[in-house]
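Notes for the structure review
The primary structure of each chain is shown beneath.
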Amino acid sequence: MGFFEVFWDGEAIGDGSDLEEALTAYLSVQPEDISWAEACAAASAPPCIRRYASFEAYLDNADEQETITVTAAMIEAALLPLSSGPQSSGPQ
C-alpha cells in the first residue's frame, strides 16, 4: 500500500494512505480571501504530493516513487465534499 506526503509552499503539511485522503490535508491551509487558483499561483513553491511505496519506505527515508503536481482543481474537487457538510436524508 502506498503512502502520500503533502506539501504546500515547500513545507510538508500532511499525509495520507491514498491520494484522496492526502488531498484533504490542504484544508489546513485553505485561503480565506482568495481562490485556490490564486493561492497556488502565489505560493513560492507549487503544491505537490510525494508518493512512496509504503509508509515503511517513507519512514526508512526511501526516495519517493513520484512527485505529483497538485492543481487548484484537484484541491477544490477533494475539499468539495468536506465543505458541503453532511447530507440530509430527509424527514425521519
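None of the values given here were measured: they were computed from a predicted structure. (Residues numbered from 1 in each chain as written. Predicted model: local features only at pLDDT ≥ 70, side-chain atom pairs only at ≥ 80, totals over all residues. Heavy atoms only, no water.)

A separate point is the state of the cysteines. One pass over the full model with this rule turns up zero disulfides. Among the cysteines around Cys 40, which has no disulfide bond, Cys 48 carries the closest sulfur, lying 11 Å off. The class for Cys 40 is buried, based on a relative accessible area of 15%. Of the residues examined, Cys 48 reaches a relative accessible area of 14% and is grouped as buried. (Disulfide = S-S within 2.5 Å. Buried < 20%, exposed > 50% of the residue type's maximum accessible area, 1.4 Å probe, protein only.)

This part takes up the sheet that holds strand S1 (residues 3-8). Reading across from one edge, S2-S1-S3-S4 is the order of the four strands in this open sheet, with antiparallel pairing throughout. Here the strands that pair on one side only, and so sit at the sheet edges, are strand S2 (11-16) and strand S4 (66-69). With direction set aside, neighbouring strand axes in the sheet form an average angle of 25°. Bridging between S1 and strand S3 (residues 48-52) involves five bridges; their strand directions are antiparallel. Looking at the pairing, Val 6 lines up with Ile 49 of S3. (Pairing = 2+ DSSP bridges. Helix = DSSP H or I, 4+ residues; strand = E, 2+ residues; numbered from the N terminus. Axes fitted to C-alpha atoms, helices over the stretch in contact; angles between N-to-C directions.)

Turning next to the pairing of S3. Bridge analysis of S3 against S4 gives four bridges, and the strand direction is antiparallel. Within S4, the residue paired with Ile 49 across the bridge is Ile 68.

Considering all chains together, one arrives at one salt bridge under this definition. Across the pair Glu 66 and Arg 51 runs a salt bridge, and its minimum N-O distance is 2.7 Å. Remark: Arg 51 occurs in strand S3 and Glu 66 occurs in strand S4; sequence separation between them is 15 residues. By relative accessible area, which is 26% here, Arg 51 ends up partly exposed. (Salt bridge = Lys/Arg side-chain N within 4 Å of Asp/Glu carboxyl O.)

Turning our eyes to something else, we now look at the packing of aromatic side chains. Throughout the structure, instances matching the rule amount to seven aromatic pairs. Consider the rings of Phe 3 and Tyr 58, whose centres lie 4.7 Å apart with planes at 40°: the pair is tilted. Remark: Tyr 58 occurs in helix H3 (residues 55-59) and Phe 3 occurs in strand S1; sequence separation between them is 55 residues. Classification of Phe 3 as buried rests on a relative accessible area of 6%. Taken together, a centroid distance of 5.3 Å and an interplanar angle of 70° make the contact between Tyr 52 and Tyr 58 edge-to-face. The exposure class assigned to Tyr 58 is partly exposed, which follows from its relative accessible area of 25%. (Phe/Tyr/Trp six-rings, centres within 6.5 Å; stacked < 30°, edge-to-face > 60°.)

Everything listed is a geometric property; what it means functionally is a separate question.
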